[in-house]
Every structure is written in structure tokens, then in C-alpha cells.
Amino acid sequence: MAETVLPGEDAVLEVVSPDGGRRYVRVTQLPFLIGRGAETGNHLQLSDRRISRNCAAIVIEANRFYLEDRGQRRGLFVNGEKVESRKLQNGDVITFGLEDSYEILFRLASGSGEESFPQLLTRIEHITSSEPGGGLRKLNQLLEATALLHSQLPLDEVLATMLDHTVSITDADRGLLLEPDAGGALRVHLARRSGNLRLPPESLTPSQTAIQLALKQQSPVITEDLAQADMDLQGAQSIVAQRLRAVVVIPLWVLTRAKTQESMVNVKRGELLGVLYLDSKRPAAFSKLDRQILDALAADAASILDNARLVERERERQRLEQEINIARDIQQALLPRNFPDTPNFCVTGVNFPCLSVGGDYFDVFRVSDGRTAFVIADVSGKGLGAAILTTMLQGALSGMTLGTDPARVFNHVNRFLCEHSEVGRYATVFFGLLDNDGHLEFINAGHPSPILIRRGAAEEAFTEGSFPVGLVPEAQYTAACVKLEPGDTLVLFTDGVTEAMDPEEQLFGVPRLRQVLTGQMQCPLEQLQKCVLEAVENFTRGARQADDLTLLIVRYRATAASTTTDTDIPASRSASSASATLRATQQAGGGREPLPRRAFITLLAADARDERAETVRRESRWPGNPTAP
């Protein structure tokens, strides 16, 4: 987009992100486009799914900046008022109809309500003429102090030089800069005396009475002769002990603006940055110029401290972001990239954390006996803590490539997490082992039942389960079995799918998921995965989500030798029950011929009744079991 000639005033956008971070973006092109993502040419890109891709634009009309609504679904607001088009003024606050989203402050570089140094110099020009030597000297010191704002010197060096100028201009004996510590108590950070000499901060005792008075009335305390001052100041112990005759205390505040139109004129005080303190053992006489320069230097010191604080916070944010990016890269690198695709089965999966790192994960790997293992897990909570636990779980379960019994591994991991209760997290897990003949051995640790797509129908077929891992120390995990038919597809998911919410906070839910999956027998897995993701995306309509989203889809494709038997085995039964039925079949048929169909079904029905009784007994221990039918 071509450059456009802008008005004489520079426009800068102060962008406050939901986590409190700040950045500054200069308006250099018009129209200046604002929205989500870069694909529509946005100059300011906001990473909030609830903000429209074509959201807003800043344009010029009659040499004035205007804000236009270009399609923000929840409306565009300036100072809390919904607008379609609005002339922007310095300090205007732009929001997007969302409580916890971005906030943009519109700034004009030369339009600040605070008095600038050039304006101050013009206004006090006539005063310097009445002070032939001193006025020009003080004016020169003010200019030198102003130049420090644009220097690249270390912070303490800049503040020390400004303190030297302040002491020189006021002819004070000493000057101190106090800053609040972590507990809010004011401590001497820098101390200087006349002649640009350093004083040891730890040895100084400024007048706490004068400081507290300035903080209480939220305005400077400038006492030229303490003999004529308020009785509280005269009787202050430190003032008497040090024989002080003049004291200056100037609180340094963060200057902010409220989000209402009334505050566009009246600046309100924000967080206390520190205190500028000066004293002398002789009476002082401050001219009007002295007081104006003191105000200007105090504003400078506050600005430098505030900027330094913002820079430090930005550096800390960048450091944390870098660490989180490393954690995200490690977590994503642990997810499977090349899914096995054999004549017997195929797999695909995807993971979308709602934060940079998440508490969901999935894995697919071969075990030593030739079977293929697949697992999906959802750790309670989000962020780095959940990500660390998912990595630990993944390491423990991937150890089963060596042939360890899954139930033993689950029991061990559960005891370990419960014994380390300070971790404060648990995980729901679905683990499966699939062989080439379609026999699936699985453990469901409190996870939502996968959806089984069989002959076009989509059902929750895995009702057996136990407690989440890390929740109940006494929990015992046992494996169950299911026989998959050729063409059967398992859709495993975390609650980021079924609990996805639209703008009205309605849940996507299992019935909608089953509706999407019904009839999808021959659909390629990547296309099936895309259908689910698109259905969730269309349902949420850009609403911000609070949970990670993970999908794992497994399809069994039998060989010719395994497509003609075992089709009458029920959808779910225990491993011991299945083995007993098989032995009974072999004994009745001499190991060569199967039982007649009616007898075989009778045996299976008896097994199913026994299994249902055991399931009811086991699940009755935990009425809140999410896998209960």
C-alpha cells in the first residue's frame, strides 16, 4: 500500500494486550487497518479470535484522524461509546466490545495535555530576564536535563545527572530519589549533594513527616523556611536532629487517563513511582522560575522511571515468552509427525493449545509385540504446569514400547502423582493397543468415551472406565477388550471439542459431534478431521476458547483373512471374559469348528451379563464418573 501524506502531528497507538503488556505502533500509512491476522493486509494485527479480521481502520478527513468500524462483530467503542465513525482526539481509548481483550490508546505526539518543555521555555522566557545570570544558568541546566530523555545512558546515570541538576538549580545541600520496594516502603535509591558528589544512600534519613504529608495531600511540599512552617514539620524529629531549614518533597506518579469522556481534560494520578526529596540547612527562596523548573524536572524523572519500568516489564515479558516458546517447541516436537499407515489401520491427529502451551497431548507408537498403541490425555489446568505433566505422562506411557503391561504402568503413574499431591494436577487418559486382527485392548482413565463409527452410525461405545490418573490413590486400572470390524473408525477427543462455546456460551456437545460423524464411513481421515474442526469453528463463531482442542482418529482396515470371523463379538467386554468364551468355543468344537451360532450367542450373552454386573459394582464407587452410561 502506498505511503500517504499525514497531518503535521504524529499519531501513535499504545496497544495494551489482555495480559497487560504494552507496545507502541506509529500510524505511517492510510488507511491504517486494524484486525485479526495478516491475510487482509492489517497494519496492526491483534491475536484474539473474537476480533474480526476486517475490524477497523484509521483514516484522514480534513486533516484530522478518524476511526471507522470495518466489521467488528461486537462493535467498536471509543471511550466506552459505540461508534461507526469517530474523530479521534489525543488520549481516546479504543476497545472492541470485549471485557478481556485489547485496548488501544490513541496518542498525538504534539497534542499532549501536559506542558511540553518548548512551551515551558516560551512561557518563562520573560522571567529569565529578571535573573540576568542565574536565570540563564538554570535554563541551560533544564535544557541539559531535557536532553537526557533521548540519551542511551544507563538509567541510574540519567537519574543521577538529573538529581545533580535539581540540587544545583535549587541550591539544596542534598537531593534524594526514593523508590518503593517490593513491600511498598520507600527506600533511598540515589543520593547526591552539591558539587555533583555521591552520597551513600544507606546512611541518609530524609524527613518521613514531610514525605508522608506530600503523599497524603498528593501534591508537592515546598517549605522555604521551616521556622515558619506547619507545627508538625517544625517538630519532626529528623528535621530537628539535622537542623534543616528548607525541605522540598515532590511525589512522582504515573499519569494515566480514565476511559470516560470527562477525563479527557482532567489527568488522574496512577501508581506511585517514587519521591524526589531535597533539603538544606539554610532557608531557601524559590522564585517562580525555580518552581516551574522543579515541576518540569519532576515530570521528567517520573517519565524516565515509568519508561524504565515499562522497558523492564517488556524485557521480562520477552524473556518469559522466549521460555514459553521453547516449552511449546519441545511439546510440539514430542507429538507424532509421521502416522503409521498400514494395510490394517491408519491414524491422524491434531492438537491446538488455547495458550502457547497446553495440557492436552496424543501419541501413536508401535510396541514390542507388533501391536500399535495410541493414547490421548487431558491434564487438568493449562499453561506450563499442565505442559510439564503431559510431558511426564508421555514419557511414562511411551516406555510401554518395551512391552510393559499397561495396567501396571497406569497404577504406578497414579500412585506417583497421588503421593506427590503438591503437584495438584490429574489427567484423564484413554489408552489403546490394537493388533492386526482388530482386537483392541484399552484402558479408560476417566476420559470421555471415544466415538465409534460403525456401519455409518456414531456411538459412544466405551462405557467401561476408572478414575483419572492422579486423583484417587486406591484406584486400580484394568484393561478391557473390544473387537473392531473392518472399516470401524475411532474418534478420540478432549473436552476442547465438546465444550467449545459459541458467543452465547452454548456448548458444542457430544450430540453435535455424533451428528457430524454419522455416515462418515469411507471419508478419508484427514477429511474427517477437517469436518470436525470446521464444525467446531463454525459453531464458536470466533468466540475465545478456554480449553485445548485435540483430536485423534484411528481406522481399522482388516486383511482378507480377518474379515470373516468374530463379527458377532459384542462391542465391549473384559479381556478375561473374551478369553473364556474363546476357550469354550474351542472346547465345544474340538479346536476346529466353531459352536453353532445360537449357542455361541448364548455364551456371549452370559458373559455380557456378568460384565455389566461387574461394571455397575465398580462404577458405583464413584457416582461422578464421567464415563458412566
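Our subject is the structure that appears above.
The present account deals with the structure reproduced in this document. Just so it is clear, the structure is predicted and the values come from calculations on it, not from any experiment.

This part takes up the packing of aromatic side chains. Aromatic rings considered in pairs are described by the distance between their centres and by the relative angle of their planes. Across all of its chains, the model carries seven aromatic pairs by this definition. Note on phenylalanine 442 and phenylalanine 462: the rings are 5.0 Å apart at their centroids and 90° apart in plane angle, and the pair reads as edge-to-face. Of the two residues, phenylalanine 442 sits in strand 22 (residues 439-445) while phenylalanine 462 sits in the loop between strand 24 (457-460) and strand 25 (480-483), which places them 20 residues apart along the sequence. Aromatic ring contacts, followed pair by pair, group Phe410, Phe431 and Tyr477 into a single cluster.

Mapped onto the fold, alanine 284 is located in the loop between strand 17 (268-280) and helix 8 (288-334). Placed 62 residues apart in sequence, alanine 284 and isoleucine 222 show a C-alpha to C-alpha distance of 9.8 Å. Here alanine 284 is in contact with Glu224 and Ala246, once residues within four sequence places are set aside.

The interhelical angle for the contact between helix 12 (residues 509-517) and helix 13 (residues 525-540), taken along N-to-C directions, is 140°, at an axis separation of 10 Å. Between helix 12 and helix 13, the crossing angle belongs to the class labelled oblique. Every pair of crossing elements has a handedness; the one defined by helix 12 and helix 13 is right-handed. Contacts between helix 12 and helix 13 involve Arg512, Leu513, Val516 and Leu517 from the former and Leu528, Cys531, Val532, Ala535 and Phe539 from the latter.

Our focus in this paragraph is the environment of lysine 87. As for its position among the elements, lysine 87 is in strand 9 (residues 85-87). You can call lysine 87 partly exposed: its relative accessible area is 37%. For lysine 87 and leucine 67, which are 20 residues apart along the polypeptide, the C-alpha to C-alpha distance reads 6.3 Å.

What follows covers the side chain of arginine 174. Summarising the element assignment, arginine 174 is placed in strand 12 (residues 174-180). Residue arginine 174 is classed as buried on the basis of its relative accessible area of 11%. A polar contact is formed between the side chain of arginine 174 and the side chain of aspartate 279, at a distance of 2.9 Å. In contact with arginine 174, not counting residues within four places along its chain, are Val167, Arg192, Arg193, Leu199, Leu204, Thr205, Pro206, Gln242, Tyr277, Leu278 and Asp279.

A cis amide bond links leucine 30 with the next residue in sequence, proline 31, at an omega value of -5°. Its place among the elements puts proline 31 in the loop between strand 2 (22-26) and strand 3 (32-35). Despite not being glycine, asparagine 196 has its phi angle at roughly 60°, a positive value. Among the structural elements, asparagine 196 can be located in the loop between strand 13 (186-193) and strand 14 (197-198). For glutamine 218, which is not glycine, the phi dihedral falls at a positive 55°.

Moving on, we come to the nonpolar core. Counting 48 residues, the largest nonpolar core has Phe374, Phe410, Val429, Leu490 and Leu552 as its most contacted members. Leave out the neighbours within four places in its chain, and phenylalanine 410 touches Leu397, Val429, Phe431, Ile443, Ala445, Val469 and Tyr477.

The rules behind these values
- Residues numbered from 1 in each chain as written.
- Predicted model: local features only at pLDDT ≥ 70, side-chain atom pairs only at ≥ 80, totals over all residues.
- Heavy atoms only, no water.
- Phe/Tyr/Trp six-rings, centres within 6.5 Å; stacked < 30°, edge-to-face > 60°.
- Helix = DSSP H or I, 4+ residues; strand = E, 2+ residues; numbered from the N terminus.
- Contact = heavy atoms within 4.5 Å.
- Axes fitted to C-alpha atoms, helices over the stretch in contact; angles between N-to-C directions.
- Parallel < 35°, antiparallel > 145°, perpendicular 65-115°, else oblique.
- Left-handed = near helix turned anticlockwise from the far one by under 90°.
- Buried < 20%, exposed > 50% of the residue type's maximum accessible area, 1.4 Å probe, protein only.
- Polar contact = N/O pair within 3.5 Å; in protein donor to acceptor, adjacent residues only side chain to side chain.
- Core = buried A, V, L, I, M, F, W, Y, C linked by side-chain atoms within 4.5 Å.

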